[in-house]
Structures are given as structure tokens and as C-alpha cells.
Amino acid sequence: MPNYGLNQITMPNVPFGVFVETAAQLGCVGVEARNDLGRPFFDGVSADIAGREIRACGLRLLGLSQIQPFNRWSDAIAAETHALIETAQEAGAESISLIPCNDGTGLDAEARKSDLMRALEACLPMLDAAAMTALVEPLGFRQSSLRSKSELVSALATFGADSRIKLVHDTFHHTLAGDVDIYPDKTGIVHISGVRDPQVSVSDMEDHHRVLVDDQDRLNNLGQVSAFLSAGFDGVFSFECFAPEVHALAAPDDAIRASMSFISSHVQKMAA
């Protein structure tokens, strides 16, 4: 059965403490906190105290998100990365998230490769010094400078960086990128969300289409989750839903629980 997590973007409008309590009540194994919600991490509570409160609820702090664009490495990005690593250490977070540039620049093959290699080479010593893991998430959008997981896997092999840098497999971005291969042994976390709008083409799907997974899902979440479980992946499947309709739910816990039950029951049948 999947181990579930909850990304803060799924419930961005509630206080951080309520978000954590909801995750615990849902039986999640952990949470992901974000710094792109218009307010500081943990709603301003110190990282040390927030980490202790999360653990007191029986949860893991799976990661802190995010540095973007990490593959436009500069002194400023280096300083942001250093600060995020420090916050992660103080809070007891297991990882930090690195997100590629998504503005349509640097898309040719040579630019993509050189930008990625430069960033990884600069980031690795920082991660090693802190004994910290980074999760890199390829984005499937056409304007993304890192769409393919295979491109990232190849770059990581060059540096032998598998122990410090893991992939994020996002079911939404996997579909948009047209990826085929999954890399369970190189994956640090799986992000799950569904798209049920029957009118939007795959190439036109955006974050605001990303809802909870149900029987109308067009992204084959059940197939992707099943493939990871069949491969022996024992990591976390974390709900990352950006759709305003999810954010506006009066009872998000009930809706998330229903999605968990839907996924679990169907992947169990698929494994039988």
C-alpha cells in the first residue's frame, strides 16, 4: 500500500499547524513545507520549534521547497541554497527541493546541459558538507529548461551524485513531458495530482488543472503508482494539488481521504 504525504500547496490557505494536524489525522507519514505561498516557512514559527511540533504529531518533515531556478546558478542562488539547507537542518527536514528554470529560455540541448552541470557541480559540495539530500524536479511544461528525467539521470551519473541528489517523479509532469521510463531506485519522492478536465489537451495542461485523483483522472496516476510499488519503491506519494477548487474545499480532509482510498483500493486490485 502507498505511504502518503501531503504537500502544503494542497492546503495553502490554512495555518501551518492546521495543515500538519490534518496530515496526521489522515494517516500521512509526513509533510512538505513551502516558501512560495506568500508567507514564511511554518508561518514564522522558528524552524527548530516547527520541526519538533511536526515530529510530535508523528510525522516526518519530508522536505522544504524550494530553490528556483536552481539551474541558473549565481551567487544569489548559492546564498539561497545555503540558507535553505540551514533551515532544513534546523527543522530536521529530510531534503530540499531544486526546481529548474521555467521561463522558456535556455532550451537548446547545449544550454540545458551546461546550465544543469554547472548547477549540480556547485551544489554538491554544499549538500555533502551538510549531509543533506536535494530533490530535483523536472517540469514537463514546454517552456521548462529541464523536462526529462533521463537527462537528469545522465547528469547525476557524471558526478556520481545519486547519494545526495534524488529525482522527484511527478505524475503530472511525467505525463506532460511524455516520459516513459521511471527510476524508482533514483527517486526520492513521488508527487501525485490528477487532471479531470476533459477539454484541455495534455500540452495545454497547467498547474491550475491539478486536482485530487479520482475515477476521472487523465494522467494514469493508478498506473504510475502501481509501477513504483511493483518496482519495490517504499518512499512517499505526496499529494501536490494546485487547483483553486481544491484550495477552496470546505472539508479538504474528507476529499483527500477519499482520494487516498480510491488510489489504495485500485492499486491493491491491480497488484492482485
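A. Representation of the overall build of the protein. Within the protein, the regular secondary structure consists of nine helices and eight strands. Taking the principal axes of the C-alpha coordinates as reference, the protein spans close to 45 × 40 × 35 Å. The burial tally for the protein puts 52% of its 272 residues in the buried class. For the protein, long-range pairs separated by at least 24 residues make up 75% of all intrachain contacts whose partners lie at least 6 apart in sequence. Carbon together with sulfur atoms contributes 50% to the accessible area of the protein, which is approximately 11,400 Å² in total.

B. Structural view of the packing of aromatic side chains. By the definition in use, this model includes eight aromatic pairs. Between phenylalanine 141 and phenylalanine 172, the aromatic rings sit 5.9 Å apart at their centres with planes inclined by 65°, giving edge-to-face as the arrangement. Separated by 31 residues along the polypeptide, phenylalanine 141 in the loop between strand E5 (133–136) and helix H5 (149–159) and phenylalanine 172 in helix H6 (residues 171–177) bring together distant segments of the chain. As far as burial versus exposure is concerned, phenylalanine 141 and phenylalanine 172 are alike and both buried. Look at phenylalanine 228 and phenylalanine 237: their rings are 6.5 Å apart centre to centre, the planes differ by 90°, and that puts the pair in the edge-to-face class. We note that phenylalanine 228, like phenylalanine 237, is buried. Through a chain of ring-to-ring contacts, three or more aromatic side chains come together here, namely Phe16, Phe19, Phe41 and Phe42.

C. Focus on helix H3 (residues 75–91). With 17 residues, H3 should reach 24 Å at 1.5 Å per residue; the first-to-last C-alpha distance of 24 Å fits that figure. In this structure, the buried side of H3 is in contact with helix H2 (47–56), strand E3 (60–67), strand E4 (95–98) and helix H4 (109–130). Among the residues trailing H3, glycine 92 stands out with phi positive, at a value near 75°.

D. Representation of the nonpolar core within the structure. With 70 residues, the main nonpolar core has Phe42 and Ile263 as its most contacted residues. In terms of residue count, H4 provides more of this core than any other element does, eight residues in total. The contacts of isoleucine 263, once residues within four sequence positions are left out, are Tyr4, Ile192, Val213, Leu222, Val225 and Phe239. Counting residues in each nonpolar core, the second largest holds nine residues, with Phe141, Phe172, Val195 and Leu219 among its members.

E. Region of the structure containing unusual backbone geometry. Cis geometry is adopted by the peptide bond preceding glutamine 66, which originates at serine 65 and carries an omega value of 20°. Relative to the assigned elements, glutamine 66 resides in strand E3. Cis rather than trans, the peptide bond between glutamine 68 and proline 69 has omega equal to 0°. Its place among the elements puts proline 69 in the loop between E3 and H3. In this structure, asparagine 220 is a non-glycine residue whose phi angle is positive, near 55°. Here asparagine 220 lies in the loop between strand E7 (187–192) and helix H7 (221–230). With relative accessibility at 49%, the residue asparagine 220 sits in the partly exposed group.

F. Looking closely at the sheet that holds strand E6 (residues 165–170). The strand order around the closed barrel built from eight strands is E1-E2-E3-E4-E5-E6-E7-E8, with neighbouring strands paired in parallel fashion. Ignoring which end each strand starts from, the neighbouring axes of this sheet average 30° apart. Looking at chain direction, E6 and E7 are connected through four bridges and run parallel. In the strand pairing of E7, aspartate 170 is matched with histidine 191. H3 contacts E3 and E4 of the sheet and is inclined by roughly 165° relative to E3.

G. Structural detail: the packing of H4 against H5. Packing of H4 against H5 leaves a shortest axis separation of 10 Å and a crossing angle of 45°. It follows that H4 is oblique to H5 by the angle criterion. Along this stretch, H4 crosses H5, giving a crossing that reads as right-handed. Of H5, the residues touching H4 (which contributes Arg112, Leu116, Met117, Leu120, Glu121 and Leu124) are Glu151, Leu152, Ala155, Leu156, Thr158 and Phe159. Residues of the contact of H4 with H5, tallied by class, amount to eight nonpolar, one polar and three charged.

H. Representation of the pairing of E3 in the model. Of all eight residues in E3, seven are buried, a share of seventy percent or more. Bridging between strand E2 (residues 30–34) and E3 involves five bridges; their strand directions are parallel. Its bridge partner lying in E3, glutamate 32 is registered against glycine 63. Each parallel crossover has a hand, and for E2 linked through H2 to E3 it is right-handed. Summarising the sheet, E3 and E4 pair through three bridges and their orientation is parallel. Looking at the pairing, serine 65 lines up with serine 97 of E4. For the handedness criterion, the β-α-β arrangement of E3, H3 and E4 is classed as right-handed.

Thresholds, definitions, all that
- Sequence positions are assigned chain by chain, starting from 1 and proceeding in written order.
- pLDDT decides what is reported in this predicted model: residues at 70 or higher carry local features, side-chain atom pairs at 80 or more are listed and counted, and totals for whole chains, interfaces and linings draw on all residues regardless.
- Side-chain calculation: all heavy atoms of the structure are included, whereas hydrogens and water are not.
- Helix and strand assignments come from DSSP, with helices taken as H or I runs of at least 4 residues and strands as E runs of at least 2, each series counted from the N terminus.
- Relative accessibility thresholds used throughout: buried, under 20% of the residue-type maximum; exposed, over 50%; partly exposed, between the two (1.4 Å probe, protein chains only).
- Contact between two residues is taken to exist if any of their heavy atoms lie within 4.5 Å; hydrogens are not considered.
- Areas reported as accessible are Shrake-Rupley estimates using a 1.4 Å probe. Residue values count occlusion only from the protein chains shown.
- Two rings belonging to Phe, Tyr or Trp (six-membered ring only in the last case) form a pair when the distance between their centres is within 6.5 Å. Interplanar angles under 30 degrees mark stacking, angles over 60 mark edge-to-face geometry, and anything in between is tilted.
- How far a helix is expected to stretch is found by multiplying one less than its residue total by 1.5 Å.
- Here, nonpolar core refers to any group of buried Ala, Val, Leu, Ile, Met, Phe, Trp, Tyr and Cys residues whose side-chain atoms link them within 4.5 Å.
- Any two strands with at least two DSSP-identified bridges between them are counted as paired.
- All axes are obtained by fitting lines to C-alpha atoms, using only the stretch in contact for helices, and the reported angles, taken between N-to-C directions, cover 0 to 180 degrees.
- Here is the rule for angles: anything less than 35 degrees is roughly parallel, anything more than 145 is roughly antiparallel, 65 through 115 is roughly perpendicular, and the remaining ranges are oblique.
- For any pair of crossing helices, the crossing counts as left-handed if the nearer helix is rotated counterclockwise from the farther one by less than a right angle, and right-handed if it is rotated clockwise.
- All residues other than Ala, Val, Leu, Ile, Met, Phe, Trp, Tyr, Cys, Pro, Asp, Glu, Lys and Arg, Gly among them, are scored as polar; the first ten of these are nonpolar and the last four charged.
- Orient the strands so they point away from the viewer; a crossover is then right-handed if the path from the first strand over the helix to the second runs clockwise.

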